[in-house]
Amino acid sequence: MTLDLTEVNKMSRYYNNKAIELLAPAGTFDIFEGIIQANCDAVYFGGQVLNMRMIRKGYNFSNDDIKKAIRIAHNLGKKVYITVNNLFSHKDIHVARDYLLFLNDVQPDGLIIQDLAVLQLAKELSLNLPLHASVMMNVHNLAMIDGLKERGISRVVLSREMSLDQIKYIKTQTDMEIEYFTHGDMCIAHGSQCHYSGILYGMSSNRGRCLKPCRWDYHIKKDGQLYKTKFPMAVKDMCMYTYLPEMIDAGIDSFKIEGRMRQKEFIVNLINYYGDAIDRYIEDPIGYDRTKDYKKIVTSRKRDLSTNYAFGKPGLSNINHRYEGTGKFYSTGKVFSSPTEEPVITDNQLASIAHTINVYMSTHKIIPPVKHLSVKVGTMEQAKLAIEKGVKTIYLSGDVYQPYKPFTKEDIKYLTRHKGHSRIILGLPKMMRDMDLLNYKNLLDELAKDLDGLLVTNIGAITAFSGYDLPLIGDYTLNIYNYKAAEYYKELGLDQYTLSIESKLPDLLNTITHSSLPSEVIVHGLPCVMYLEHDLFANTKHPTDNGYDDAYYIEDTVLHLVTPAGNYPVYKDQYERCHMLPSKEICLYSLLPSLDSLNMTSYRIEGMSYTTKQLEYLIDIYKKALYHETATTLQHFSEGHTLGALSHS
Ligand code: SF4
């Protein structure tokens, strides 16, 4: 059956001839039955598999529920979108084939997706379904929107950090449908750029299993001062109720209410307040009362409310204290997690991982390539050291930690002229506004001929820079978690990819074995595990204590989030965004003999947070290890070593 897209694009509310959709969440079929009768135009929910709400038992829809829900909604002239929006494990790929074919049969009005494996599967299975880019794709520039449109995406849920002004501009440049969060639970981290739950617990937020370490009660330490902050990363809930006219004016097509884990009555009331407000505005924009039900929304709130990034950076006013730490937001009444130490490396664990790799490789005959070493650096001194040490690949980080400055044009020219046998790869920032893409384009127009490649961080950069005839290497920010996604990125133009830092052992093995794209794994360092627009340094304006004495390693010049279970360095980059690092270094050094048998091509040291001397030590021991000279003990430069997500395999 061919899908009639004119029919699908018909929405029920219009203002100035433009459709407006109020999109409601439903966690269960019972909740759906209440919601669908409420004043919404569309409902979204997940099935039993492959979505972002995989923790709670009893939630999500069976295939029968999905069929029934679509029938009921369509009879009422409303739409249904299904969330297929987590990252897929290797096993999930098989599940996904059957599930996507089922969804294609029952014809919801769209699928909300994150993993590019879905785009690959949609081609292979000839799916005839509109595809929407989830907020977990962190869409934040026009090149991303254009790239996704070319690949069949008909709607994007924009990054939560986009302002209405930015959206208004974007809508003048594209006819892509735009969905924006309007009410509900928020993340402090950029969509898809929060890896800590996956590393710490093996419960990946990008796979729908977040245990919310952002809501721990951290203190902050900097320059010998302790700041007794309360829950400094716990954000308020979004509430745009009093700004619906501004959202309409920005050109937003779909107003998304978050809350698939909320109770029926709460969501039904909320939807009716919002639906009624939109209707009243359409009916009488001049006499419209924007506060009519606001008091009821405030009274029934769980957390305190905020407009988040809709009008620019909210700063500390975006932090919630109401009920924080009590679990009152959740129907279980419990908090998801409390400060937990990152797992230390044990001999048993190393032996078990080595055994698993050996068994796996005995059934997968490959000729392992010779591995080489790469280092991501954040300063000229580090870059010069890496050249001097003959490191094969040197990534110049696009995000540089203050007080260091970004690499200048002259720096890059110098390094490419003096690179010896190294390759100089220019890294891009994790988040790139259209202005940043333009600035990099201007730089590349002049320097592309001298560079050996680009380390790309988002799909927009692949779209914008694929014409430069430079090798494109995908950074870990792309969250490539399975071989289907790797294959799709290969078609987009990647020449190499970095494995997701949340990869558990079976997924790591299957991804690198089944993908024909060369791969790199981060073997050492402190990668960014939470990437924030929010400025944690704003907490340090008013000292509250002196001479804090603790038992943990603290580097005084760096801001640390402090808990009894560990201290987490936070750096601010040149764009004023914060990068939270884990307390222990990822260290796969003892696994190198086993990793040697795999067909990955490159081992990376994520080096930016080290002093040049520390980095020199690490380059030396990893270079020796490539030639099978292994050290018996290893210095650490943080609170210890961990295997990260591999600890949970
Ligand atoms: S830990 Fe990260 S992904 Fe999970 S809720 Fe917090 S910000 Fe979001």
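These numbers come from a predicted model, not from an experiment.

Moving on, we come to the overall build of the protein chain. Secondary structure assignment for the protein chain yields 20 helices and 29 strands. On C-alpha atoms alone, the protein chain measures out to a radius of gyration of 25 Å, which is about the 26 Å that the 2.2 N^0.38 rule sets for 649 residues. Principal axes of the C-alpha set define a box for the protein chain whose edges measure 75 × 60 × 50 Å. Taking all 649 residues of the protein chain together, the buried fraction comes to 64%. Sequence-distant contacts in the protein chain: of pairs separated by 6 or more residues, those separated by 24 or more amount to 72%. Across the protein chain, 72 positive and 76 negative side-chain charges occur, with their mean positions spaced 2 Å apart.

As a further point, take helix α12 (residues 347-362). Between the first and last C-alpha of α12 there are 22 Å, a value that for 16 residues agrees with the 22 Å anticipated at 1.5 Å per step. Of the surrounding secondary structure, the elements contacted by the buried residues of α12 are α18 (505-514) and α19 (592-595).

As a further point, take the site of the ligand. By nearness alone, every residue bordering the ligand is listed as C187, I188, A189, C194, S205, C210, K212, P213 and C214. Here the shell around the ligand is composed, by residue class, of seven nonpolar, one polar and one charged.

With that settled, the discussion passes to the pattern of salt bridges. All chains considered together, the criterion is met by 48 salt bridges. A salt bridge links E491 to K123; the nearest nitrogen and oxygen atoms lie 2.5 Å apart. Here E491, found in helix α17 (residues 483-492), pairs with K123, found in helix α5 (residues 117-124); they are 368 residues apart in sequence, far enough to count as distant. R301 is the salt-bridge partner of D304, the closest N and O atoms lying 2.7 Å from each other. Classification of D304 as partly exposed rests on a relative accessible area of 23%. Counted as one network, the salt bridges with shared partners bring together D185, K212, R215, D237, R303 and E324.

What counts, and where the lines are drawn
Residues numbered from 1 in each chain as written. Predicted model: local features only at pLDDT ≥ 70, side-chain atom pairs only at ≥ 80, totals over all residues. Heavy atoms only, no water. Helix = DSSP H or I, 4+ residues; strand = E, 2+ residues; numbered from the N terminus. Rg over C-alpha atoms; globule rule 2.2 N^0.38 Å. Buried < 20%, exposed > 50% of the residue type's maximum accessible area, 1.4 Å probe, protein only. Contact = heavy atoms within 4.5 Å. Lys, Arg positive; Asp, Glu negative; His and termini not counted. Charge placed at Lys NZ, Arg CZ, Asp CG, Glu CD. Expected span 1.5 Å × (residues − 1). Near = heavy atom within 4 Å. Nonpolar A, V, L, I, M, F, W, Y, C, P; charged D, E, K, R; others polar. Salt bridge = Lys/Arg side-chain N within 4 Å of Asp/Glu carboxyl O.

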